Structure formats: structure tokens, C-alpha cells
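The primary structure of each chain is shown beneath.
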Amino acid sequence: MKRRSFIKKGAIATYTLGIASNTIVKGKSELHDKHHEPSTGEKVRVAVIQQDGNPGKVDINRAKALKSAKEALNKNADVILFHEELLVGYVENLRELAEPVNGPTTTAFQELLHGSDALIIYGLTEKDGDDLYISAPVVSSKGVLANYHKTHLWWDAEGLRHEPTFYKAGNRLVTFDVKGYKSGIMICYDGDFPEMTRSYANLGCTMLFWMNNRGSRGHDEVKDLAWRNSMIIPAACCCGLNELGYQCEGGSNITGAKGELIEEIWEKEGIIIADVYPGDVPELRKKNPFFTGMRSDVYHY
């Protein structure tokens, strides 16, 4: 699929507040356990939630996200990933709909996580004074553990998706721990630069959470980054209609450190859940010729 391409559907779909429980996807074996080789360290249960973009409908999007997150927590998820710009999307009045990082959505997720050690990573249209950011807060029951600002703003478009017109770019990578495993975040266009995944691998991350708001972000676009860097990559994308009435297919997936597809979901709302083993990553990376053979001393940027 070409960058930023969408499928046009004339009149489509209504938006609902709930995601049915039968959209939980468990995959080829029960949460990827039966065919997994002996592993190092503790497993991490990852949930990726694929939700309609529903641009500008903040209250509806928040309510739906809370319901889905609760369902994932009931399935014992350790970390939950939503798509980029979860609440607002790309709309004319984004400035009035934007929230501070510690605003009502973060507060609602924090309250939902009360009594849990799980984390929620969601796409925020963040207001910080006069500046707007495309952000990814990492929320725990104690508050915001980390907050990543999108570093590569998409510029090859007109109108609402010419991101430099509206947003300020971030200037640093962000890491955080999930059950003791170092992890990172990237947002949409960020991941189209292989240097991002490699940089997080060089920082010692074993999992990289990739959120998107575009036509799709399927396994075919994730697998090379995963296996070349021995990185577990959960990727979330929106589905449903975007701001122009084009249909987003989603393709949210959980990809393992060997590039293997663990779970995916296309063309509908739902939740995918899998157990992954970040403790395996250091040994895989050590033996990965596409990682250890790198000659950073001869490259030029």
C-alpha cells in the first residue's frame, strides 16, 4: 500500500460506543504459548486495540477506549496500545479539542488502572501552552510514566495532514519499562525511518510500540524492522472512516522479534492479545547478523 493511501467507501458505517467481546483474537494457539520454545524471563501480555478513527468525536472515542481497555485488563493485559491521535484525529478545530498530557483522558485511564500494574499507551493531541504535539503518553495507576512527542511530522500532504502546519515536532526518543523490560515508542511516519527502530535497539529496548493513524499499518510493514533489530513490535492503527470519508483498513498487529506474525486484525474494531517474551531478545540480537554486523563508523548522515 502506498504511503497515506486509503480506500474510498461512499456511505459507510455507524459508530458505536462498544467493542464486542467476541472481537478478542487469541490466534493460532492459546496466547502464543503452546508453540513457544523455552524462554528467558517473564512473559508480557500485550493488547493492541483497533478502534474507528471517528475524527473529532472526543467523548465517544474516549468512552469506547475506556470500555476496550477495561476488557483488555480483564484479560490480564500488562500493556495496552491504542492508535495515534485516538481522541481527535485530523479536524479543523483540533486546537480546541486538544488536551494537556494530564488532562481528562489521562486521568480517566489512570483511574481505570487503579489497583493494577498494567500500562496504557494512547495517542493524544496534546496542548502545551501555545504548542500542539502528536503525543503518546504512557499511563500507569500512578500517573504518566513517560510521554513521547512525534519526531517526524508528515509533510507530503495538503490540508489537515500537513502536520508541520499545526504541530511542533519532538526532539528525543523516550524509553520506559514494562515489567522490567526496556521499551520505546514511535508514531506513524517515525517508523518509516529504519534508524528509529535501530536507535531504540541500540538503547537496549526489547519492545517498540508503534501507533499509527493512516490507511493501514500491516505486518508486511513491520516484519523487516522487527527481525533486523530483534525487536518485538506491537503496532496499532485506526480503522473506519477518516476525515475525508476514506476507509482505513487497520492491520494492527503484534510482531515477534524474529519478524513472525503473532496476531493481527483487519477492517474492523477489536482487540488482539498475545504473550511475548522480551527476555529472549538480547540473545536473539547477539546472534542476529543484521544487527551485530553494523558498521556505524563508516556511515554518513
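Calculation rules
Residues numbered from 1 in each chain as written. Predicted model: local features only at pLDDT ≥ 70, side-chain atom pairs only at ≥ 80, totals over all residues. Heavy atoms only, no water. Helix = DSSP H or I, 4+ residues; strand = E, 2+ residues; numbered from the N terminus. Buried < 20%, exposed > 50% of the residue type's maximum accessible area, 1.4 Å probe, protein only. Contact = heavy atoms within 4.5 Å. Polar contact = N/O pair within 3.5 Å; in protein donor to acceptor, adjacent residues only side chain to side chain. Core = buried A, V, L, I, M, F, W, Y, C linked by side-chain atoms within 4.5 Å. 1 Å grid on protein atoms, 1.4 Å probe; cavity = no way out; pocket = protein on both sides within 12 Å on 5 of 7 lines; lining within 4 Å. Points joined across faces, edges and corners; volume = space filled by probe spheres on them. Nonpolar A, V, L, I, M, F, W, Y, C, P; charged D, E, K, R; others polar.

A. Region of the structure containing the environment of Glu99. Looking at where Glu99 falls in the secondary structure, it is placed in the loop between helix H2 (94-97) and helix H3 (104-112). Exposure remark for Glu99: the relative accessible area of 5% places this residue in the buried category. The residues touching Glu99, leaving out its near neighbours within four places in the chain, are Val58, Arg62, Leu87, Pro104, Thr105, Leu124, Thr125, Glu126 and Lys127. Polar side-chain contacts of Glu99 include one of 3.0 Å to the side chain of Thr105.

B. The nonpolar core, seen in detail. Grouped together as the largest cluster of nonpolar side chains are 77 residues, with contacts concentrated most on Ile80, Phe82, Phe109, Ile121, Phe176 and Phe209. If near-sequence neighbours (up to four positions away) are discounted, Phe82 is found in contact with Ile49, Gln51, Ala65, Ala69, Phe109, Ile120, Ile121, Tyr122, Met211 and Ala236.

C. Geometry of empty space enclosed by the protein. Per the counting criterion, the structure on display carries one cavity of 30 Å³ or more. Put simply, the largest cavity is a space of about 50 Å³. Taken together, Gly53, Pro55, Gly89, Tyr90, Arg161, Asn213, Cys238, Leu241, Asn242 and Glu243 form the lining of the largest cavity. For the lining of the largest cavity, the per-class residue count stands at four nonpolar, four polar and two charged.

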